[in-house]
Amino acid sequence: MKIRRLNINDYWELIRLWSKAGLPFKPKGRDSHGSIAKQMEANPDFFIGAFENEKLIGAVIASCDTRKGWINRLAVDPDFRHRGVAKALIAEAEKALRRRGIRIFCALIENSNSASKELFRKCGYVEHHDIIYFSKRDSNDV
Ligand SMILES: CC(C)(COP(=O)(O)OP(=O)(O)OC[C@H]1O[C@@H](n2cnc3c(N)ncnc32)[C@H](O)[C@@H]1OP(=O)(O)O)[C@@H](O)C(=O)NCCC(=O)NCCS
């Protein structure tokens, strides 16, 4: 497995991966081609892919608000799971965030996603049961 930064030429492969992995995403909003291109331009090291024989088998997007770092859109191709791909991608995302001075790493995980919860526990993340996520959106597409 090879891990490298993604660029906009990887966009359609990324969409294929998210779809195959069953990961919900926002093709008309923050995951559109134009939006991802802008995000990649601003933070090229935050888009990370895992490849097997040049095929994209896993990906993650890091983000940071200068106070905390976030692990987003983590997905691994179902044919390549249980081989440590997600663990390696999380470690790479943390490295990219550390280079920006970030020391707190966070992820939002649906309560029903046992695989992801177990994965983040394994990677040293602690669950917070006393926090409820609030968000405000200009539309359901964003
Ligand atoms: C969650 C997901 C990213 C895990 O990818 P993966 O490459 O198979 O994970 P890894 O092989 O790196 O697993 C590392 C650890 O996570 C845990 N884990 C991973 N998949 C698991 C599962 N299905 N059930 C329970 N624990 C699991 C295990 O503790 C595993 O350690 P082990 O191999 O020593 O048992 C993958 O299942 C996926 O893409 N799911 C759909 C998209 C998704 O839910 N993304 C996360 C959004 S927050």
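See the structure printed just above.
In this report, we go over the structure that sits alongside the text. (Residues numbered from 1 in each chain as written. Predicted model: local features only at pLDDT ≥ 70, side-chain atom pairs only at ≥ 80, totals over all residues. Heavy atoms only, no water.)

Side note on the site of the ligand
And then number 1: Taken together, 20 residues lie near the ligand, and Leu74, Val76, His82, Gly84 and Asn113 sit nearest.
And then number 2: Separating an oxygen atom of the ligand from a backbone N or O atom of Lys87 is a distance of 2.9 Å.
And then number 3: Alone, the ligand offers 910 Å² of accessible surface; in the complex the protein occludes 74% of this.
And then number 4: Considering every element that reaches the shell around the ligand, the biggest residue donor is helix α4 (residues 114–122), with 5 residues. (Near = heavy atom within 4 Å. Polar contact = N/O pair within 3.5 Å; in protein donor to acceptor, adjacent residues only side chain to side chain. Areas by Shrake-Rupley, 256 points an atom, 1.4 Å probe, with all protein chains shown as cover. Helix = DSSP H or I, 4+ residues; strand = E, 2+ residues; numbered from the N terminus.)

Here we look at the pattern of salt bridges
And then number 1: In this structure the tally under the stated criterion is 11 salt bridges.
And then number 2: The partner of Asp77 in a salt bridge is Lys20, and the shortest N-O contact between them spans 3.1 Å. In this pair, Asp77 is assigned in the loop between β4 (69–76) and α3 (85–98) and Lys20 in helix α1 (residues 11–21), connecting sequence segments 57 residues apart.
And then number 3: Assessed through its relative accessible area of 0%, Asp77 is described here as buried.
And then number 4: You can call Lys20 partly exposed: its relative accessible area is 36%.
And then number 5: What you see here is one network of salt bridges that share partners, running through Lys20, Lys55, Asp77 and Asp79. (Salt bridge = Lys/Arg side-chain N within 4 Å of Asp/Glu carboxyl O. Buried < 20%, exposed > 50% of the residue type's maximum accessible area, 1.4 Å probe, protein only.)

Regarding unusual backbone geometry
Only a minority of non-glycine residues have a phi that is not negative, and only a minority of peptide bonds are not trans.
And then number 1: One non-glycine residue with positive phi stands out, namely Asn53, at about 50 degrees.
And then number 2: In this structure, Thr66 is a non-glycine residue whose phi angle is positive, near 75 degrees.
And then number 3: Mapped onto the fold, Thr66 is located in the loop between β3 (55–64) and β4.
And then number 4: Take Thr66: its relative accessible area is 71%, and that puts it in the exposed class.

Let's talk about the state of the cysteines
And then number 1: The tally for this structure, following the rule as stated, stands at 0 disulfides.
And then number 2: In this model Cys106 remains outside any disulfide bridge; the closest cysteine sulfur is found in Cys64, 11 Å from its own.
And then number 3: Cys123 takes part in no disulfide bond, and the closest cysteine sulfur, belonging to Cys106, lies 14 Å away.
And then number 4: What makes Cys123 partly exposed here is its relative accessible area of 21%. (Disulfide = S-S within 2.5 Å.)

A word on the packing of aromatic side chains
And then number 1: Summed over the entire model, instances satisfying the criterion amount to 3 aromatic pairs.
And then number 2: Between the aromatic rings of Tyr11 and Trp12, the centroid separation amounts to 4.7 Å while the plane-to-plane angle is 80 degrees, which identifies the pairing as edge-to-face.
And then number 3: Look at Trp12 and you get exposed, because its relative accessible area is 60%.
And then number 4: Arg73 extends its terminal NZ or CZ atom over the ring of Trp18, reaching a point 6.0 Å from the ring centre. (Phe/Tyr/Trp six-rings, centres within 6.5 Å; stacked < 30°, edge-to-face > 60°. Lys NZ or Arg CZ within 6 Å of the ring centre and 35° of its normal.)

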